[in-house]
Amino acid sequence: MSESPTRPSRTRRTPGTTPDRDRSAVDDATGDERDDLLRGADAKNLTPRALGWVLLVAGAVGLVGAAWLSIERYLKLIDPDHVAACSLNPFLDCGPAMASWQGALLGFPNPFLGVAAFPVVMTIGVVVLTGARLPRWFWLTMLAVTTVAMGLVVFLVWTSLYALVVLCPFCMVVWAAMLPIFWFQVVHAVQEGHLKVSEGVRRVIVDNKGTLLAVLYVLLVAWVFLEMGPTIVEYLQAV
């Protein structure tokens, strides 16, 4: 009686584990290839194309706001009696922000920074859309610069609400543009492993990136309304 051929044993893979052969491939891989080996094709990941469009579109929106403010600041310099187009009422007025020392932190109007920086953001977005892979040091440098810019935005929001008690419409356009530029860079850095976090934190950030961005917008709007709301109500009642 002939013996039946012995079947090769198969190693059962536990979800979330990688065999030694796969681990060596993961060690040799970088960037998107490493993600594919470790997690497979994850539909919730932030794709390079999506990141590129965010940088391009949000950068364009920010550029419009910064350019308009720059033009208004120039017109105010050549004509002190010029009334800015964004000066709509006592609570929506670009004039106080442009005239304050906070509006020229580096010795020149803040909008000039946006006119210089947002085209760079747009260019990087176009580069990403072409399929170029940028190195880790580049993304970390860009995230660091964007974090400083986001800190400046928070300071200017605080200035508008507590020091000037007036909102600049085109400043708010720049604020709105900066949030996705900053947030999606954080998501990208966490997803690609540029920022080291636990797997649980990584999945919360990457899987809920859109929801968390909406939360950031809600917090910003709530901050503005909680501080400016009572003052606006008092003004309307007096009128």
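Because the structure is predicted, anything quoted here is derived from the model rather than measured. (Residues numbered from 1 in each chain as written. Predicted model: local features only at pLDDT ≥ 70, side-chain atom pairs only at ≥ 80, totals over all residues. Heavy atoms only, no water.)

A. Structural detail: helix H5 (residues 110-129). The terminal C-alpha atoms of H5 lie 29 Å apart, and with 20 residues this matches the ideal 28 Å at 1.5 Å per residue to within 8%. Restricting attention to buried positions, one finds in H5 the residues Asn110, Pro111, Gly114, Phe118, Val121, Met122, Ile124, Gly125 and Val128. Where H5 is buried, its residues touch helix H3 (48-78), helix H6 (136-164) and helix H7 (169-192). Remark: Gly131 follows H5 within two positions and exhibits a positive phi of approximately 100°. (Helix = DSSP H or I, 4+ residues; strand = E, 2+ residues; numbered from the N terminus. Expected span 1.5 Å × (residues − 1). Buried < 20%, exposed > 50% of the residue type's maximum accessible area, 1.4 Å probe, protein only. Contact = heavy atoms within 4.5 Å.)

B. Summary view of the environment of Met178. The topology assignment puts Met178 in helix H7. For the pair formed by Met178 and Val61, sequence separation is 117 residues and the distance between their alpha carbons is 9.3 Å. Dropping the residues within four chain positions of it, Met178 is found in contact with Phe118, Thr146, Ala149, Met150 and Val153.

C. The packing of H6 against H7, seen in detail. It is the contact of H6 with H7, at a shortest axis distance of 10 Å, that shows an interaxial angle of 145°. Our pair here, H6 against H7, has a crossing hand that is left-handed. Contact with H6, carried on its side by Trp139, Met142, Leu143, Thr146, Thr147, Ala149, Met150, Val153, Leu156, Val157 and Ser160, involves Trp175, Met178, Leu179, Ile181, Phe182, Gln185, Val186, His188 and Ala189 of H7 and no other residues of that element. Broken down by class, the residue content of the contact of H6 with H7 amounts to 15 nonpolar, five polar and no charged. (Axes fitted to C-alpha atoms, helices over the stretch in contact; angles between N-to-C directions. Left-handed = near helix turned anticlockwise from the far one by under 90°. Nonpolar A, V, L, I, M, F, W, Y, C, P; charged D, E, K, R; others polar.)

D. Region of interest: the packing of aromatic side chains. Scanning all chains against the criterion turns up six aromatic pairs. Taken together, a centroid distance of 5.9 Å and an interplanar angle of 85° make the contact between Phe138 and Trp139 edge-to-face. The exposure class of Phe138 is partly exposed, given its relative accessible area of 22%. On the basis of relative accessibility, which here comes to 8%, the residue Trp139 falls in the buried class. (Phe/Tyr/Trp six-rings, centres within 6.5 Å; stacked < 30°, edge-to-face > 60°.)

E. Focus on the packing of H3 against H5. H5 packs onto H3 with a crossing angle of 160° between their chain directions and a minimal axis gap of 7 Å. Compared by their axis directions, H3 and H5 come out roughly antiparallel. The interaxial crossing formed by H3 with H5 has left-handed handedness. Class assignment for the residues of the contact of H3 with H5 results in 20 nonpolar, six polar and one charged. (Parallel < 35°, antiparallel > 145°, perpendicular 65-115°, else oblique.)

F. Structural view of the nonpolar core. Of all hydrophobic cores here, the largest spans 47 residues; its most connected members are Leu55, Cys94, Trp139, Trp175, Trp183 and Phe184. Secondary-structure elements contributing two or more residues to this core are H3, helix H4 (95-99), H5, H6, H7, helix H8 (199-207) and helix H9 (209-238). In terms of residue count, the dominant contributor to this core is H7 (14 residues). Each residue touching Leu55, except ones within four places of it in the same chain, is listed here: Val121, Met122, Ile124, Gly125, Trp139, Met142 and Ile181. (Core = buried A, V, L, I, M, F, W, Y, C linked by side-chain atoms within 4.5 Å.)

G. Representation of the UniProt feature "transmembrane region" (unreviewed entry) in the protein chain within the structure. In the numbering adopted here, UniProt assigns the feature "transmembrane region" (unreviewed entry) to residues 50-71, 111-130, 137-158, 164-190 and 210-226. End-to-end, the C-alpha atoms of residues 137-158 are 32 Å apart, and along that stretch the chain is 100% helix and 0% strand. (UniProt positions renumbered as here; feature names shortened; annotations may be inferred.)

H. Unusual backbone geometry, seen in detail. Even without a glycine there, the phi angle at Val165 is positive, about 55°. Here Val165 is to be found in the loop between H6 and H7.

I. Representation of the pattern of salt bridges. By the definition in use, this model includes two salt bridges. Measuring nitrogen to oxygen at the nearest pair gives 3.1 Å for the salt bridge that ties Glu199 to Arg202. In this pair, Glu199 and Arg202 are both assigned in helix H8, three residues apart and thus about one turn of the helix distant. Where Arg203 meets Glu199, a salt bridge forms, and the shortest distance between an N and an O atom there is 3.2 Å. Taken together, the residues span about one helical turn, with Arg203 and Glu199 both in helix H8 at a distance of four residues. By relative accessible area, which is 41% here, Glu199 ends up partly exposed. What you see here is one network of salt bridges that share partners, running through Glu199, Arg202 and Arg203. (Salt bridge = Lys/Arg side-chain N within 4 Å of Asp/Glu carboxyl O.)

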